[in-house]
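Okay, here's what each chain looks like letter by letter:
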Amino acid sequence: MTTLPETAARRNWTLSAFLSKWMEIGIVPVLILVAAYLPFAYFAIPEASALHMSLFGINLIGQIMCFALLALALDLVWGYAGILSLGHGIFFGIGGYLMAIYLLNSAYAETNVLPDFIQYMGTGGFPTVWKIFSRLDVTVLITIVFTALVAGVFGFVTFRSRINGVYLSIITQALTYALMLLLFINDVGLGGNNGMTGFTNIAGLRIAGVSTQIGLAVCSCVVLVVAYVGVRYLAHSSLGRALIAVRDDEARMRFLGYRTHTLKLIAWCLSAVIAALAGMLYVPQVGIVNPTIVSPQLSVEIAVWVAIGGRGTLIGAIAGAILVNGLKFWLSSQLPEVWPFILAGVTLVIVVAFGNGVWGTLKAAGEEANR
Amino acid sequence: MMTGRWLFLTVLCWLLTGMSTSAWAATNHSALLAAFCATDGNKATALEQFVEAGVSDETQDQAWARLIVDAIRNSALVCNSSGLVTIQGTPPLDAATLKTAANSNPGDSPYVPSIVMMRKLMVASAEIDLFSGQRDTRADAARQVDKSFALLDPAIITKAIKRERDPDIASVLTLAMAKRGLGSNNRADRLAAIKAVAEVPSETARTALANFVAQDSVRSDPEVLAAVQSAIAKIDTSLSFGRAFSILFSGLSYAGVLLLTALGLSIVFGLMGVINLAHGEFIMIGAYSTYLVERFMQAHMPGLFDAYIFVAIPVAFVISAVCGMLLEFFVIRFLYRRPLETLLATWAVSIALIKLVQVLFGSQNVEFVTPGFLNGGMQVSPGFFVTYNRVFAIVLALLIFLATFAVVRLTKLGLLMRATTQLRDMARCLGVAAERVDRLAFGLGAGLAGLAGVVLTQIASVNPSMGTGFVVDSFMVVVLGGAGSLLGTVVSSLALGEINQFIEPFYGAVAAKVAVLLLIVLIIQKRPQGLFALKTRV
Amino acid sequence: MKRRTFLSAVGSGLVTAAGTALPKPALAAGSTEPIKLGLLFSQSGTMANNESLLKDTALMTIDQVNAKGGVLGRQVQGVVVDPASDWPMYAQLSKQLIQRDKCAALFGCWTSVSRKSVLPVVEANDSLLFYPLHFEGEEQSKNVVYLNSPPSSSVLPAIDYLMGDQGGNAKRFYMIGSDYVWPRTINKMLKGYFKTKNIPDSALRERYVPFGQSNFQTIVREIKDFAAQPGGQAIVVMTVVGDSIPAMFKEAVNQGIRATDIPILGLDVVDSDLEGLDTKPLVGHLSCWCYFQNVDTPQNTQFKSDWKNYVTAHGLKHRPDMVIDPMVSTNLGINLWAQAVTKAKSTGTDAVRKALAGQSMVDPAGYTVKMDPSSQYLWRGDMIGSINAKQGFDILWKSKDIVKPVPYSPFIGKA
């Protein structure tokens, strides 16, 4: 719920007031700054300094940015259209796997060695349909179109049947579970449990190379910024307001003459595409894709990041994803035994006490202060 | 005087023969053992000698041979490099004299029988057992002999048949001999053998006949050929019936598991609208409670050990129900009417529970010692074999369902639960303490999940993350059956269980699971309220 | 105004970087810093049972090496991480061990999936992974040291035994495995091998189940059906792993299968998989490894008592009287690494690699194992074991001497 900008009202210069308005714009230059800082921190700052970032750390940040993008995608449908999808891992996975197919193609073009799973399946070569994924730009385009199609079909059938709320969530969980089981089967031809690995280059650049990895991390930040700006613009447009109205009371909107299922479908497809892009950026940085990327647990975790950050406030989703994953990477190496308890505790506290998440609560407090 | 001397001479003769017989016997034992232990000797022939000794009329020899054959079967016979043959144990025994061995070489390891040798040993001990004094031993031996009719020694069996006074055992042995007729060249023998084998259709019978019909000598004889083919056809028919029953039975057992895991969820989700992603963890808690009961009874009440599964039922129910009520008290009751938040909160609780159990019990699989009465199975009809643990699961699922149905339909708690579901505010106006009813209902749902865990200890692997595999499936069952409808849960678990088992033999377990999931999703699209929708007014 | 966001964004970046930007230990000469070895073994998830044994064996061996003065005058330190049986985690953590913790070498992985996930990382960072399990071969990376046998040295002898007179003249084979690279590759090789022995396709059956599958009702029924078909003795070649092993054994026993009817050759079965099972009805089923703990040599007695003392001293949850082949391989790997580093006077990958060639030592099974001069495979002895009633294995057959490992099987292409 955005308040209309107040022109002459007194501004209460409390911290919360800053946060509620300026941060939402401020995140953009901050992320750009972070993106610029990464190569600087690696190349220009000497290793001994505390401000230096190792390749490992930069890689980590890149992965977290992908997760933030994923959370943004979910916030679009959950926070603004009220669709709690517990299966966004499916689109993340589609992007990841299609990117992996492209990467395997380029690895084969360079080394002329077939990946293991093709070898032990005995098929002799890549499936013919894989040939279309031979260029990066073509791959990105096809992924976007394919994801939109898949999301469109699902959304069309589901929203028309007026399925929403809890049933939708469970169905999305079931679908992502089914996809994961399917991908575990080697006969499906996507590497089974092994997944796909052994990438050597991306668009001609050595994938393990320092500049490529830094470039990918920077790219993830930039894509996040662009997506954030785009989604925010959408959220503040009339489409956004219509979505919010659908979230709050769909029946009323329907009676007012809006085609709610079309509105939801638009948001759903857009969200799916963003999630697929996140997957495409994630896989080259991790170096492997396997069915756990579409596991039901990961899809629920995305919702947890958004919930902790604050749904309906796009920046909350980003903050939630960064916070939770940052903590997870840090704690699971220092105190692996404790991390699940901490995550559980934080989630419970946020969900039960602060229904709007960290960001949402801050924002609401800010609005209160502004009144 | 004359008689006295004759008497003395006769007694002396007897004594001498006796001594030399026993000396001869002892020497014979050593010779047999040496033949067995010889490095390039034929162990099979040596084994036959043991059997000869075992079925001889000397009771001493019988007992000795039995012991030796048992020792070889248990990999306890040590052929020492010094020539001494010992049987491992405390204390080690000299194999020839059965007295405590003077000194056994620690460096030598016991003889380990190969698979071929194991088969021969099995038949050997069965043949020796045919001459035992106890009827049960002889009956078991006869069955064993019948099963391996191709390997038996006809001379020994004929001798056993002559000796046998029990008609049942004798007929089994005669049947086994008749089956051997398959190997003979006499046509009458062969026809009799075919008839004998076809009498008891089974997979092994079919194999025997199929191998038989592959022989040229059979194919050239039209009468025998026709007999074999019709026998095979007859066996095939009963086997295919058996297979169909097997599939139905597995479907039933799968349905039983689904029913157990979904029942608690149906109550909690249906009657209260609460999404509980920690449901799988209540199942896991039930399984671990069973583990604790098993450990306890093993340590303190070993005599009653086999009953641990029955003791575990109320224990697991109570522990899971208490956990459920605690969850409700601390978390869920703040989240009614907010289903999406409940989802996330229960997910958080589930990961904490998994980690807690991991820390307490370790993350590896917990192995359960199956109670004696649940081991093994029964050949109900040819091709249809049921294992007792699954029969137990099905029976228990049914009983639990009936109990739940009774509670919901016939008790006061059930009445209050139904009232609170149908029209909550009105119920409260009428004095129903809705919060308490919610807590008890949640406890009931969690307790039922715990019971599912008890049953699952016998048929699935138990580890801290075992629950995650059941959550999606149970939700699907509940959603398909109609939230809140117990009957719907039964119908949908039956349907899903059977469909899954029908697809599995063709495409594998995973494909079957995926197909079932997609099927449910499609059905839900068309009929979101499920098969048996509960009429409520919000 | 943007201070807070700036701080929060950079803050979380620093939180992650803080953990990563540790002072880089100087591996330069004259350092007294400990040499770090990465231990990449799961302590949770489906492989936890087996892999945690290897982690503790590695730590025990490191203690032994340190007690003898360490390596190059420096102590050795094991860095333990938990990939939680999640294959991408293996890749992630191996990156962490090499790049962040600067480990000199990695010891880890059980399943071939995990090894294949780590492979690109060790190759890109030119590090060394010492892999202690028998596996499917078809791989020869200069960044991996293969401490256990490829199929030519273990699987084929066992199959030959079963096809021979003593084993029952097996003519029909039911191959059931978990669905991933190791069973798939083994079965592909076996199919090629069977073709050379003129076994027709109709005498073979190939089935795969997902990791962690515990319901083997249909599979066991199918096995019984298959065995009942004419054509000769049928055996089961079992390449399922982890939890699936006891589940399948239990189902087979319940449905009445015994080794005398249908022998099962369980290629990944170790004593820890038989724990808690009543193995009397399982007596006679086979497995093949380079070591079984019943082998009677002074080295083995020493090794077993070392392990027993270690377990009791540290209060570990493992059985003190159970030692399995991968544990021995891990022990050999660390000792051979130490020998190579001492010879090369450096921990650098290239130097160690060169020094490893030809290194040898006596293993607990009594063989003098040696590292192949070119393939980075370890020459080991070979044994076939038969399950006994005490949840262990009796040794049915063992090779007279170490066997030459063949990385690339000639039978793969023939399938």
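For clarity, every value in this text was computed on a predicted model and none was experimentally measured. (Residues numbered from 1 in each chain as written. Chains lettered and ligands numbered in written order. Predicted model: local features only at pLDDT ≥ 70, side-chain atom pairs only at ≥ 80, totals over all residues.)

S.K.: Can you walk me through the overall build of chain B in this structure?
M.R.: Scanning chain B from terminus to terminus reveals 21 helices and 5 strands. For 538 residues, the compact-globule estimate of 2.2 N^0.38 gives 24 Å, and chain B exceeds it by more than 25% at 33 Å. When the 538 residues of chain B are sorted by exposure, 47% land in the buried category. A separation of at least 24 residues holds for 69% of the contacts in chain B among residues at least 6 apart in sequence. (Helix = DSSP H or I, 4+ residues; strand = E, 2+ residues; numbered from the N terminus. Rg over C-alpha atoms; globule rule 2.2 N^0.38 Å. Buried ≥ 20, exposed ≤ 12 C-beta atoms within 10 Å, placed from the backbone. Contact = placed C-beta atoms within 7 Å.)

S.K.: Sorry if this is basic, but what is going on with the overall build of chain C here?
M.R.: Along its length, chain C carries 12 helices and 15 strands. Computed over its C-alpha atoms, the radius of gyration of chain C comes to 23 Å, within 12% of the 22 Å expected for a compact globule of 415 residues. Projected onto its principal axes, the C-alpha positions of chain C cover 80 × 60 × 45 Å. Per-residue burial for chain C yields a buried fraction of 60% across its 415 residues. Expressed as a percentage of contacts within chain C between residues at least 6 apart in sequence, the contacts between residues at least 24 apart total 70%.

S.K.: Before we go on, may I ask you to explain the interface of chain B and chain A in this structure?
M.R.: One frequent convention defines the size of an interface as the accessible area lost when the parts assemble. Chain B puts 31 residues into the contact, and the matching count from chain A is 35 residues. Contributing elements (two or more residues each) for the side of chain B that touches chain A: α14 (339-361), α19 (468-481) and α21 (509-526) of chain B. Each residue belonging to the side of chain B that touches chain A can be placed in one class, and the counts come to 27 nonpolar, 1 polar and 3 charged. (Nonpolar A, V, L, I, M, F, W, Y, C, P; charged D, E, K, R; others polar.)

S.K.: Would you mind going over the sheet that holds strand β2 (residues 85-87) of chain B with me for this structure?
M.R.: Strand pairing in a sheet is mediated by backbone hydrogen bonds. Such pairs are either parallel or antiparallel. The 3 strands are arranged β1-β2-β3 (chain B) in an open sheet whose pairing can be described as antiparallel. Sheet topology places β1 (77-79) and β3 (93-94) of chain B at the edges, where each strand pairs with a single neighbour. (Pairing = 2+ DSSP bridges.)

S.K.: Looking at this model, I keep getting lost on unusual backbone geometry. Mind explaining?
M.R.: For residues besides glycine, phi is generally negative; the peptide bonds are generally trans as well. With a phi close to 55 degrees, Leu72 of chain C is a non-glycine residue in the positive phi region. Using a count of 16 C-beta atoms within 10 Å as the deciding quantity, one classes Leu72 of chain C as partly exposed.

S.K.: What is the right way to look at the nonpolar core in this model?
M.R.: As a rule of thumb, soluble globular proteins bury nonpolar side chains together. Within the largest apolar cluster, 415 residues are counted, with the highest numbers of intra-cluster contacts made by Leu38, Leu69, Ala71, Leu72 and Ile318 of chain A. With 19 residues, helix α2 (residues 55-80) of chain A is the single largest residue contributor to this core. Among all residues touching Leu69 of chain A, those that are not within four sequence positions of it are Val223, Leu224, Ala227, Ile274, Leu277 and Ala278 of chain A. The next biggest cluster of nonpolar side chains, apart from the first, holds 16 residues, and it includes Val197, Val224, Ala227 and Ile235 of chain B. (Core = buried A, V, L, I, M, F, W, Y, C linked by C-beta atoms within 7 Å.)

S.K.: Mind showing me how you'd approach the sheet that holds strand β1 (residues 35-40) of chain C here?
M.R.: Residues and elements named next belong to chain C. Overall, parallel pairing links the 5 strands, which are arranged β2-β1-β3-β4-β5 in an open sheet. Of all strands in the sheet, those bounded by a partner on one side alone are β2 (76-81) and β5 (144-146). Put simply, the sheet's adjacent strands are angled 25 degrees from each other on average, direction ignored. Sheet analysis places β1 next to strand β3 (residues 105-108), joined by 4 bridges and oriented parallel. Bridging across to β3, Leu37 finds its partner in Ala105. Helix α2 (residues 48-67) rests against β1, β2 and β3 of the sheet, and its axis sits at about 165 degrees to β2. This element, helix α11 (residues 325-344), spans β3, β4 (129-131) and β5 of the sheet and lies at about 170 degrees to β3. (Axes fitted to C-alpha atoms, helices over the stretch in contact; angles between N-to-C directions.)

S.K.: Help me understand the packing of helix α3 (residues 59-73) of chain B against helix α4 (residues 115-129) of chain B in this model?
M.R.: Residue and element names in this part refer to chain B. Relative orientation of the contacting elements α3 and α4 amounts to 155 degrees, with a least axis distance of 10 Å. Relative to α4, the element α3 lies roughly antiparallel. In terms of crossing hand, the pair formed by α3 and α4 is left-handed. Here α3 contributes Ala65, Arg66, Val69, Asp70, Ile72 and Arg73 to the contact with α4, which in turn contributes Leu121, Ala124, Ser125 and Ile128. (Parallel < 35°, antiparallel > 145°, perpendicular 65-115°, else oblique. Left-handed = near helix turned anticlockwise from the far one by under 90°.)

S.K.: What is the right way to read the pairing of strand β8 (residues 233-239) of chain C from this model?
M.R.: Successive residues of a regular strand alternate their side chains across the two faces of the sheet. All names here are of chain C. Within β8, 6 of the 7 residues are buried, which leaves the element mostly enclosed by the surrounding structure. Judged from the 7 bridges that link them, strand β6 (residues 170-178) and β8 form a sheet pairing that is parallel. By the bridge assignment for β8, Gly177 is matched with Thr239. Of the strand pairs in this sheet, β8 and strand β9 (residues 264-266) are connected by 3 bridges, and their pairing is parallel.

S.K.: Looking at this structure, I do not really get the confidence of the model for chain C. What am I missing?
M.R.: As a general rule, the predicted coordinates of low-pLDDT regions are not to be interpreted in detail. All names here are of chain C. Of the residues in chain C, 92% reach a pLDDT of 70 or more, and the chain-wide mean stands at 87. The low-confidence segment residues 1-29, where pLDDT is below 50, has 50 contacts with residues more than four positions distant or belonging to other chains. Scored as a complex, the prediction yields pTM 0.85 and ipTM 0.86. (pLDDT = per-residue confidence, 0-100.)

S.K.: Can you walk me through the domain arrangement of chain B in this structure?
M.R.: Each assigned domain of chain B is listed here: domain 1 (2-119), domain 2 (130-220) and domain 3 (260-466). Here the side of domain 1 of chain B that touches domain 2 of chain B is composed, by residue class, of 2 nonpolar, 1 polar and 1 charged. (Domains from an automatic or database assignment.)

S.K.: Looking at this structure, how should I read the environment of Asp273 of chain C?
M.R.: All names here are of chain C. With respect to the element layout, Asp273 can be found in helix α9 (residues 271-274). Sequence-wise, Asp273 and Gly242 are 31 residues apart; in three dimensions their C-alpha atoms are separated by 7.5 Å. In this structure, Asp273 is in contact with Ile245 and Pro246, ignoring residues within four places of it in sequence.

S.K.: Where do I start with the environment of Met99 of chain A in this structure?
M.R.: All names here are of chain A. One can find Met99 in helix α3 (residues 89-111). Overall, the presence of 27 C-beta atoms within 10 Å leaves Met99 in the buried class. Among residues more than four places away in sequence, those in contact with Met99 are Thr139, Gly279, Met280, Val283 and Pro284.

S.K.: So what exactly am I meant to see when it comes to the packing of helix α12 (residues 279-300) of chain B against helix α13 (residues 308-330) of chain B here?
M.R.: Angle between the axes and distance between the axes are the two parameters that describe a pair of packed helices. Residues and elements named next belong to chain B. One way to put it is that α12 packs onto α13 with a least axis distance of 8 Å and a crossing angle of 135 degrees. Comparing their axes, α13 and α12 come out oblique. Note that α12 runs across α13; the crossing there is right-handed. Between α12 and α13, the contacting residues are Phe282, Ile285, Gly286, Ser289, Thr290, Val293, Glu294 and Met297 on the first element and Tyr308, Val311, Ala312, Val315, Ala316, Ile319, Ser320, Cys323 and Gly324 on the second. Grouping the amino acids of the contact of α12 with α13 by side-chain chemistry returns 11 nonpolar, 5 polar and 1 charged.

S.K.: Please clarify how the pairing of β3 of chain C should be interpreted in this entry.
M.R.: All names here are of chain C. Residues of β3 alternate between two faces, with Ala105 and Phe107 on one and Leu106 and Gly108 on the opposite face, all of them buried. Summarising the sheet, β3 and β4 pair through 2 bridges and their orientation is parallel. Bridge pairing links Leu106 to Leu129 in β4. Crossover handedness for the path β3 to helix α4 (residues 112-124) to β4: right-handed. (Right-handed = clockwise from strand over helix to strand, strands pointing away.)

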